[in-house]
Amino acid sequence: MDVKTAFLNEYLEEDVYMEQLEVFVKPDNLKKELELGNVRIEKIHTYDNLADSFTEALPQSKIKSHVKGISLRYIMSNIAKLEFAVLEVSTKNYVPWMIDVKMHIESMGISNAINEFNNCLAQDKEKAQVFLRKHIYEMLRFEYLDVTNPSILWNLLKERFDHQKEVILPNARDEWRALTFQDFKKGNEYNSVLFRICSQLKYCGQEVTDEDMLEKTYSTFHATNITLMQQYRIQKFTRYSELNACLLVAEQNNELLM
């Protein structure tokens, strides 16, 4: 069996645990099992299974075939599949990373594991710890190698990186002041920028209401669409989503030229 070809050349990003069959523990047991026909030794032809250890990995189909052929069983796989980008050392993506982590662990039912003084089950803490470590940069994983409690790791990362508000808030305010509806050709493009700015302001503690978003949109209509804007004002929308629905319909019907 060419173990190097079968395993070491595969690009593995996940932790893979394999369980050794009991018959392989003692040579005498293996010999007995071979005589009984319970274990089969199979030669793997490597002439068409070779992989360059520096440039090319063995295809996943070959890996699975070899694993099956030598009777090894995967105990855990795909553990390192990333749901979103890892936290970078530069901290530039801390805010979206933090939001993504909260959303995902909430969906996993283990959100309490990152809170201090929680009464989570040990297995929930382990899941949260694995999830956090999987979604931070490799250098950070090494730096916090001895931190095994997810709530402690979460707070350490927060203390280190959660200084973005001082940078984000003034930039978000400037973007809000400069934002004009007339600068966008598509309503969805305007909405994307609008909601991003609103999210940043809310993260920094500055609430943005539906009334604020409505007035921002009304006041920045193009001069050629003042009449249409006044018609929308007369309808007295209380939620931005109501105005947005009308704008998208009007755009589709070519009534709103931006």
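Sequence order as written defines residue numbering, which begins from 1 separately in each chain. pLDDT decides what is reported in this predicted model: residues at 70 or higher carry local features, side-chain atom pairs at 80 or more are listed and counted, and totals for whole chains, interfaces and linings draw on all residues regardless. Excluded from the side-chain calculations are hydrogens and water; all other atoms, namely the structure's heavy atoms, are used.

S.K.: How would you sum up the overall build of the protein? Please name residues and give values.
M.R.: Under the DSSP-based scheme used, a helix requires at least four consecutive residues in state H or I and a strand at least two consecutive residues in state E, with every element numbered from the N terminus. When helices and strands are tallied, the protein shows twelve helices and two strands. Seen in sequence order, the protein has helices and strands lined up from the N terminus as α-β-α-α-β-α-α-α-α-α-α-α-α-α. Taking the contacts inside the protein whose residues are at least 6 apart along the sequence as the reference set, 62% of them involve residues at least 24 apart. Summed over its atoms, the accessible surface of the protein is roughly 17200 Å², and 52% of this surface lies on carbon and sulfur atoms. When checking whether two residues touch, look at their non-hydrogen atoms; a contact exists if any pair is within 4.5 Å. Areas reported as accessible are Shrake-Rupley estimates using a 1.4 Å probe. Residue values count occlusion only from the protein chains shown.

S.K.: Provide a residue-level description of the pattern of salt bridges, including the pertinent values.
M.R.: Any carboxyl oxygen of Asp or Glu that lies within 4 Å of a side-chain nitrogen of Lys or Arg is treated as forming a salt bridge with it. By the definition in use, this model includes four salt bridges. Across the pair Glu143 and Arg160 runs a salt bridge whose closest N-O atoms are separated by 2.7 Å. With a gap of 17 residues between them, Glu143 in helix H6 (residues 138–143) and Arg160 in helix H7 (residues 150–161) connect regions that are remote in the sequence. Think of it in three bands: with a 1.4 Å probe and only protein chains considered, a residue is buried below 20% of the maximum accessible area for its type, exposed above 50%, and partly exposed in between. On the basis of relative accessible area, Arg160 is assigned to the partly exposed category, the value being 30%.

S.K.: Describe the packing of helix H4 (residues 94–107) against H7, with residues and values.
M.R.: Axis lines are fitted to C-alpha atoms, over the contacting stretch for helices. Their N-to-C directions set the angle, which ranges from 0 to 180 degrees. Between H4 and H7, the shortest axis-to-axis distance is 11 Å and the interhelical angle comes to 160°. The pairing of H4 with H7 is recorded here as roughly antiparallel in orientation. H4 and H7 meet at a crossing whose hand is left-handed. In this structure, H4 uses Tyr94, Trp97, Met98, Val101 and Lys102 to contact H7, whose residues at the interface are Trp154, Leu157, Lys158 and Phe161. Looking at the contact of H4 with H7, its residues break down into seven nonpolar, no polar and two charged. We call two directions roughly parallel when the angle between them is under 35 degrees, roughly antiparallel when it is over 145, roughly perpendicular when it lies between 65 and 115, and oblique otherwise. Handedness of a helix crossing follows the sense of rotation of the near helix relative to the far helix, less than a right angle counterclockwise being left-handed and clockwise being right-handed. When residues are grouped by polarity, Ala, Val, Leu, Ile, Met, Phe, Trp, Tyr, Cys and Pro land in nonpolar, Asp, Glu, Lys and Arg in charged, and all others, Gly among them, in polar.

S.K.: I'd like a description of unusual backbone geometry, backed by residues and values.
M.R.: Here Phe117, not a glycine, exhibits a phi torsion of approximately 55°, which is positive. Structurally, the position occupied by Phe117 is in the loop between H4 and helix H5 (122–134). You will see that Lys236, though not glycine, has its phi angle at about 55°, which is positive. Taking relative accessible area as the criterion, Lys236 reaches 69% and is therefore assigned exposed.

S.K.: Tell me about helix H8 (residues 165–178), residues and numbers included.
M.R.: One fewer than the residue count of a helix, multiplied by 1.5 Å, yields its expected span. Between the first and last C-alpha of H8 there are 20 Å, a value that for 14 residues agrees with the 20 Å anticipated at 1.5 Å per step. Within H8, burial applies to Ile168, Leu169, Ala172 and Trp176. The buried residues of H8 all sit within an arc of 100° when viewed along its axis, so they share a single face. Turned more than 90 degrees away from the buried face of H8, the exposed residues are Glu166, Arg177 and Ala178. Of the surrounding secondary structure, the elements contacted by the buried residues of H8 are H4, helix H9 (187–203) and helix H10 (210–219). Picture the helix axis, draw a direction to every C-beta atom, and the arc is the one those directions span.

S.K.: An account of the nonpolar core is needed here, citing residue identities and associated values.
M.R.: Throughout, nonpolar core names a set of buried Ala, Val, Leu, Ile, Met, Phe, Trp, Tyr and Cys residues whose side chains join them through atoms within 4.5 Å. If you look at the biggest cluster of nonpolar residues, it comprises 50 residues, and the most contacted ones within it are Leu87, Trp97, Leu157, Trp176, Leu194, Tyr232 and Leu243. Those elements that place two or more of their residues in this core are H4, H5, H7, H8, H9, H10, helix H11 (226–234) and helix H12 (240–252). Beyond its immediate stretch of four places on either side in the chain, Trp97 contacts Phe84, Ala85, Val86, Leu87, Leu132, His135, Ile136, Trp154 and Leu157.

S.K.: An account of the side chain of Arg133 is needed here, citing residue identities and associated values.
M.R.: You can see Arg133 is positioned in helix H5. We count Lys and Arg on the positive side and Asp and Glu on the negative side, and we leave His and both chain ends out. For the buried residue Arg133, which engages in no salt bridge, the nearest side chain bearing the opposite charge is Asp146, 7.3 Å off. Within polar-contact distance, the side chain of Arg133 engages the backbone oxygen of Tyr144 at 3.2 Å. Beyond its immediate stretch of four places on either side in the chain, Arg133 contacts Arg141, Tyr144, Leu145 and Leu153. Any pair of nitrogen or oxygen atoms within 3.5 Å is treated as a polar contact; in protein, a donor-acceptor pairing is required on top of that, and neighbouring residues in sequence qualify only through side-chain atoms on both sides.

S.K.: Mind laying out the environment of Gln182, listing which residues take part and the relevant values?
M.R.: With respect to the helices and strands, the residue Gln182 is situated in the loop between H8 and H9. Among the residues examined, Gln182 registers a relative accessible area of 34% and is labelled partly exposed. Sequence spacing of Gln182 and Thr220 is 38 residues, and the spatial spacing of their C-alpha atoms is 6.1 Å. With residues up to four places along the chain from it excluded, the contact list for Gln182 reads Thr220, Phe221, His222 and Ala223.

S.K.: I'd love a proper account of the environment of Arg160, names of residues and values included.
M.R.: For the pair Arg160 and Thr91, spaced 69 residues apart in sequence, the C-alpha separation works out to 8.9 Å. Apart from residues lying up to four places away in sequence, Arg160 is in contact with Val89, Leu140, Glu143 and Tyr144. In this structure the side chain of Arg160 is engaged in a polar contact, spanning 2.7 Å, whose partner is the side chain of Glu143.

S.K.: Give a description of a nonpolar patch on the surface that names residues and reports values.
M.R.: Two joining distances apply to patches: 9 Å for like charges and 5 Å for nonpolar side chains (Val, Leu, Ile, Met, Phe, Trp, Tyr), and every residue must have over 30% relative accessible area and no salt bridge. Together, Val89, Tyr137 and Met139 line one region of the surface with nonpolar side chains, adding up to about 280 Å² of accessible area. Along the chain, the position of Val89 falls in the loop between strand E2 (73–76) and H4. Judged by its relative accessible area of 31%, Val89 is partly exposed.

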